[in-house]
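# Inside the fold
Take a look at the letters that make up each chain.
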2 protein chains.
Amino acid sequence: MQWTKVLGLGLGAAALLGLGIILGHFAIPKKANSPAPSDLDLEILETVMGQLDAHRIRENLRELSREPHLASSPRDEDLVQLLLQRWKDPESGLDSAEAFTYEVLLSFPSQEQPNVVDIAMTLPPPPTVGPTGDIIHSCHRTEENVTGEQGGPDVVQPYAAYAPSGTPQGLLVYANRGTEEDFKELQTQGIKLEGTIALTRYGGVGRGAKAVNAAKHGVAGVLVYTDPADINDGLSLPNETFPYSWYLPPSGVERGSYYKYFGDPLTPYLPAIPSSFRLDLANVSGFPPIPTQPIVCSLGCPVNVSVYNRLELRNSSNVLGIIRGAVEPDRYVLYGNHRDSWVHGAVDPSSGTAVLLELSRVLGTLLKKGTWRPRRSIVFASWGAEEFGLIGSTEFTEEFFNKLQERTVAYINVDIAVFANATLRVQGTPPVQSVVFSATKEIRSPGPGDLSIYDNWIRYFNRSSPVYGLVPSLGSLGAGSDYAPFIHFLGISSMDIAYTYDRSKTSARIYPTYHTAFDTFDYVDKFLDPGFSSHQAVARTAGSIILRLSDSFFLPLKVSDYSETLRSFLQAAQQDLGALLEQHSISLGPLVTAVEKFEAAAAALGQRISVLQKGSPDPLQVRMLNDQLMLLERTFLNPRAFPEERYYSHVLWATRTGSVATFPGLSNACSRARDTASGSEAWAEVQRQLSIVVTALEAAAATLRPVADL
Amino acid sequence: MQWTKVLGLGLGAAALLGLGIILGHFAIPKKANSPAPSDLDLEILETVMGQLDAHRIRENLRELSREPHLASSPRDEDLVQLLLQRWKDPESGLDSAEAFTYEVLLSFPSQEQPNVVDIAMTLPPPPTVGPTGDIIHSCHRTEENVTGEQGGPDVVQPYAAYAPSGTPQGLLVYANRGTEEDFKELQTQGIKLEGTIALTRYGGVGRGAKAVNAAKHGVAGVLVYTDPADINDGLSLPNETFPYSWYLPPSGVERGSYYKYFGDPLTPYLPAIPSSFRLDLANVSGFPPIPTQPIVCSLGCPVNVSVYNRLELRNSSNVLGIIRGAVEPDRYVLYGNHRDSWVHGAVDPSSGTAVLLELSRVLGTLLKKGTWRPRRSIVFASWGAEEFGLIGSTEFTEEFFNKLQERTVAYINVDIAVFANATLRVQGTPPVQSVVFSATKEIRSPGPGDLSIYDNWIRYFNRSSPVYGLVPSLGSLGAGSDYAPFIHFLGISSMDIAYTYDRSKTSARIYPTYHTAFDTFDYVDKFLDPGFSSHQAVARTAGSIILRLSDSFFLPLKVSDYSETLRSFLQAAQQDLGALLEQHSISLGPLVTAVEKFEAAAAALGQRISVLQKGSPDPLQVRMLNDQLMLLERTFLNPRAFPEERYYSHVLWATRTGSVATFPGLSNACSRARDTASGSEAWAEVQRQLSIVVTALEAAAATLRPVADL
């Protein structure tokens, strides 16, 4: 070969090699050392939706509700072990699971000396306490053993947890729902309340509030019963009720906690670990002030009430399980439900726990097979002692306050998964609306017809949004389940998911066997959700939301959806309080400005995200945006806003007692100030509450603006 | 050419191309789309150190201290403009700068009716208030115009800011430093205090506390003077003092704020924007209860005190300037100093501001040239109205609470940059120790010899560390300057940097002209730091710390350095309180466990970081670790720990009044409980404080553990 040829070939070869190097370097995307910026995988989503199995949920529920599992009971402890076993299963478990135990103050009826309510013929002359006349009727101490599940030592007698013991005797006075207005009405009618026993029905006001209101009028004891009109659509005959229908049998009695606050009563703001400081019982506030007992009978005559409840320090555990995130393990999607029930608790809470176990099984199986690992961490929680006042979840938030507040993307609660099988019902803060909509549009509704869960939902609960038109309406979060400490104390965007009633078919205040011994597996299986398709629908909804929150590159929290809420709160304030405020020289101007700033900042952030989503943004850049989205809800917290309301720090969702549907601090303060003169302390408090909201909204806007803006 | 040859060449070419592609893809590191994971650039650091110019600092100081610039005065406003102009300079400015104005309550002496202290011959018979006997001596109302700078309308008369006006008359009683013990001692000696005027000297206790203590004993007014023994090493003759030395001339009087808390007195916990709710003056707490006036004279006879201070709502501005971070713009390194002075304020605060301006010039120039942009954002701040009670910085933290708490890496304060030119002095929380050490080891000390700042420093302040051996000792942060809201209210790792005294050469309580009209440019130029090399040393130290915090890939915050503090607090508790606590059945066991858990978690995190630093970790992974480091300090905050102490929420650094150098809540509670019986409320508070610390330490350990650990 000629040297020129050799040279030519050599040069050509070099050129080709060079071209190759260039192509190799620039044209082929390099797999980074770092985990690839993964995003929601629709195939995995499809797989999960397909694998969530109604039959397995049914089997979970059967096992969970087989025995009564009152908080801290041996069976409750057995279920702790069941959860640990499932979550540590080598084939379908999570990365790790652990039980966290607290020592908390619970309240139980005495085994030896059952609580008794006797209807007497005559009242003994006071102050003698002794033989109380002829007993003409003694209320049932336990519910009738209708299905063989209402008997036995583990079925706790109906009682009012945390009601003090005592044996008041007095004339029975019917006090309707035991609200402040009810007692005032009796007073107006000239009825002497001092020393009486007030008979009240469930509903209208919190359980403990009935006793608080009664005690203010000198009432000596309170009885609470469930009115068939409130829960049974008026039906009450044995053959009209369970096991012949979903209605509560005549002997059914709703148990419940009568504690005003939540969390362990002895350790407010501290985790109830054994070493923690505990309040002296004399310094505990929030217990009912007088003996109280839930009953079935409702007669009008002298009554002896004997309550022998006892307070006991008990161990109660949360079980936590985690799937470690592949890319951002320090971002937590938290999903939980309580484990403890009053009796068998098939609906409350085992329907939720049955769903929880099926969700963790399906995700755990994908994990163990190596098919999938989420971008962010997923934390599953089974809370203890919720029935006594959200105790397990509250202690958890007290123990890990900072870590949770800094890292939690959202909290999802599924307590009672299925109240009834008509429609989805979601309560939540505005940033979760969009992810709930995205999820539910893609899942088939279990009912008749070929509707999505979303399309079915919108038929039952809807509202007209100025931005989106007609959409399903989300409820707001009170303090009815374990989401309360997450939203109110930690400021974490939260939601509560369930299937629920067709309100055209029942007016029941809640499902009829709620907190009674009739809330059993058969009750669910026969009446609430035969076939468990509503349970499956909830599992799919929650599963899709979990995956979207944990796997999406950009967090699917739409903060601009807060603008509608703020605007509606502002309009209510302007319309219903504006004139009153003006009379007292208080301007809503700064609030208007703050809402406008929030709207502008939220909209601009939404646009920045849209632009970025079209490109291939850097993971750090997306992380920064996601932090803005995640942390927005925290900016609404102010631990000094409501000093008298334990744990409630969220200035938009704190309890509203005022009549105007606006910012709760403003609404409540205006209610109290309304009849006082300008310059009163009550009007100063209105101004303070207004400034608190303005500051929070301004801070929220500052959090949403570009991070290097001054 | 034969086809086989063609084929051969083709195949060869393909192989070469392929080889090239492979080489190109795998052998040449690809520059990512994302900003490269930058790290501290030692060349840039060297450049900055070289460019920080002593002469320019001197010129800054001359300009800043040319006129008195009391908070909210016209000259203070001029300096706002000067700062804005410097920070918006196209060649040496920052990315952006802005003034944020608050409407705050300040206190000034009346121009028309100056405060007067007269020594009378006889006391008028009470209750007559009128002619007060022959005045034999009237105290100076102003300082003597020694250098031509102590006169003029802008030199504010010496006064006690926030002291109420009033004209008390009474016998003068010498009350030493006006501590509680001082007044008790007088009482023990049988001296009647009711209706007297107490003469006290500066030092020993906070300014306002003197009046609070005095009022408890019925004292009618308080005078405060500076004892030459406390500040002048005993010298007081005109020719021994300024302008002949650094000592305070005989007529010098220290001004100061007598407000107990900090922040705007009318808007605690709310930013003092115009619309914010303001307390009614009647509800403001923390002002001195009786007329108070700082003076020079110190005689013993009847005295008439006339204080005509007035409260005024004034506008006061912070100036903020930012250099946007290239990679993590949402992480802020915050550097600040106040701008307002009592008179010319050459030392306090202009020495710090002169350094601030030189630092921002050097960094701004590199920025504008395109030579450098930090990884994280750098925020420069010039606070308003610090002298009245850290008002500007506090309002800033109230307005941007969440944003700052979530994103601020550290706060660096340089107020008085140079007290004297002997040695560096740093106060700070343990995580900043290592970055201060790293910085100071690399900078030459301005004094004689070829020492580093670190090696010079260790000669003056040192301690024996169980981990490191002999090291310079950092002081702890009280509430003496604008770092207070950052560390106590927001829980941000903070430091305060200055050059200071050789304590073997002076016993002055503080530099002698502090808060007087003699704190002028010439004073600094001639006596404090001729040549400005100490100013330069502070600028270099602060500059190096800023660069290390803003540019290092891994945050140079060494959280394990908290272990030494915790261990020493624990040991003090065990040694000095252990027996007492045991008598009251309180165990320190949980505290021991919590400290051990912290130590283990901090050490393990340190090891994980060491391992990662040897590899090439993913930026997201480093960000997660950095978040753990940055947010550790937040876990020590508990807004409910000290409800009576405004803003103080840091359970390790809150004010300690108890005598034992341990956890302040525990120390203070033990002090109060010591003489009460077991079971008292005071002992319950000891237990509560113990639980608060245990919970905080457990939470801190949880924050440092691997993020996916349960």
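Residues numbered from 1 in each chain as written. Chains lettered and ligands numbered in written order. Predicted model: local features only at pLDDT ≥ 70, side-chain atom pairs only at ≥ 80, totals over all residues. Heavy atoms only, no water.

You'll find chain A entered in an unreviewed UniProt entry as Aminopeptidase NAALADL1, with Cercocebus atys given as the organism. Recorded under Cofactor (unreviewed entry), the UniProt text for chain A is reproduced unchanged: "Zn(2+)". (UniProt positions renumbered as here; feature names shortened; annotations may be inferred.)

Let's shift gears to the UniProt feature "domain: PA" (unreviewed entry) in chain A. Summarizing the sequence annotation, UniProt attributes the feature "domain: PA" (unreviewed entry) to residues 171–256 of chain A in the numbering used throughout. End C-alpha atoms of residues 171–256 of chain A are separated by 25 Å, and the span's content is 27% helix alongside 17% strand. (Helix = DSSP H or I, 4+ residues; strand = E, 2+ residues; numbered from the N terminus.)

Before going further, it helps to spend a moment on helix 6 (residues 207–216) of chain A. Residues and elements named next belong to chain A. Those residues of helix 6 lying buried are Arg207, Gly208, Lys210, Ala211, Asn213 and Ala214. Buried residues along helix 6 sit in contact with helix 5 (180–188), strand 6 (197–201), strand 7 (221–225), strand 8 (256–257) and strand 9 (292–295). A positive phi of about 80° marks Gly218, the residue just after helix 6. (Buried < 20%, exposed > 50% of the residue type's maximum accessible area, 1.4 Å probe, protein only. Contact = heavy atoms within 4.5 Å.)

Here we take up the pattern of salt bridges. All names here are of chain B. A complete count under the given rule lists 68 salt bridges over all chains for this structure. With a shortest N-O distance of 3.7 Å, Arg177 and Asp230 are connected by a salt bridge. Remark: Asp230 occurs in helix 7 (residues 228–231) and Arg177 occurs in the loop between strand 5 (169–174) and helix 5 (180–188); sequence separation between them is 53 residues. You can call Asp230 buried: its relative accessible area is 12%. Put simply, Glu254 and Arg207 hold a salt bridge, and the shortest N to O gap is 3.3 Å. Placement of the pair is Glu254 in the loop between helix 7 and strand 8 (256–257) and Arg207 in helix 6 (residues 207–216), with a sequence separation of 47 residues. Take Arg207: its relative accessible area is 19%, and that puts it in the buried class. (Salt bridge = Lys/Arg side-chain N within 4 Å of Asp/Glu carboxyl O.)

Before going further, it helps to spend a moment on the domain arrangement of chain A. Residue and element names in this part refer to chain A. For chain A, the assigned domains read domain 1 (42–99 + 318–551), domain 2 (116–308) and domain 3 (559–704). Placing the centre of domain 2 and that of domain 3 at their C-alpha centroids yields a distance of 39 Å. Counting residues at the interface gives 7 residues for domain 2, matched by 4 residues for domain 3. Both faces combined, the contact of domain 2 with domain 3 buries some 630 Å², and carbon together with sulfur accounts for 56% of it. Three residues stand out in domain 2 for area buried against domain 3, namely Tyr261, Phe262 and Tyr269, and they jointly supply 72% of the buried area on that side. (Domains from an automatic or database assignment. Buried area = accessible area lost by both parts, 1.4 Å probe.)

What follows covers the sheet that holds strand 1 (residues 96–108) of chain B. All names here are of chain B. A sheet is described by the order of its strands in space; here 7 strands give the open sequence 1-11-13-12-14-18-15, paired in mixed fashion. Edge strands, defined here as strands with exactly one partner in the open sheet, are strand 1 and strand 15 (423–428). Neighbouring strand axes in the sheet, compared pairwise and without regard to direction, differ in orientation by 20° on average. The strands touched by helix 12 (residues 453–460) within the sheet are strand 15 and strand 18 (494–500), with strand 15 carrying the most contacts at an inclination of about 80°. (Pairing = 2+ DSSP bridges. Axes fitted to C-alpha atoms, helices over the stretch in contact; angles between N-to-C directions.)

Residue and element names in this part refer to chain A. Spatially, the 7 strands line up as an open sheet ordered 1-11-13-12-14-18-15, and their pairing is mixed. Each edge of the sheet is formed by a strand with only one pairing partner; in this case those strands are strand 1 (96–108) and strand 15 (423–428). The sheet shows a mean angle of 20° between the axes of neighbouring strands, direction not considered. As defined by bridge partners, strand 14 (residues 408–413) adjoins strand 18 (residues 494–500) across 3 bridges and the pair is classed as parallel. Looking across to strand 18, one finds that Asn413 is bridged to Asp496. Strands in contact with helix 12 (residues 453–460) are strand 15 and strand 18; relative to strand 15, the strand with the most contacts, it is inclined by about 80°.

Turning our eyes to something else, we now look at the nonpolar core. Counting 195 residues, the largest nonpolar core has Tyr335(A), Phe380(A), Phe388(A), Ile497(A), Tyr511(A) and Phe636(A) as the members making the most contacts within it. Phe636(A) has contacts with Tyr562(A), Phe598(A), Ser649(A), His650(A), Val651(A), Leu652(A), Ala696(A), Leu697(A) and Ala700(A), leaving out every residue within four places of it along the chain. Counting residues in each nonpolar core, the second largest holds 194 residues, with Phe100(B), Phe400(B), Ala537(B) and Leu625(B) among its members. (Core = buried A, V, L, I, M, F, W, Y, C linked by side-chain atoms within 4.5 Å.)

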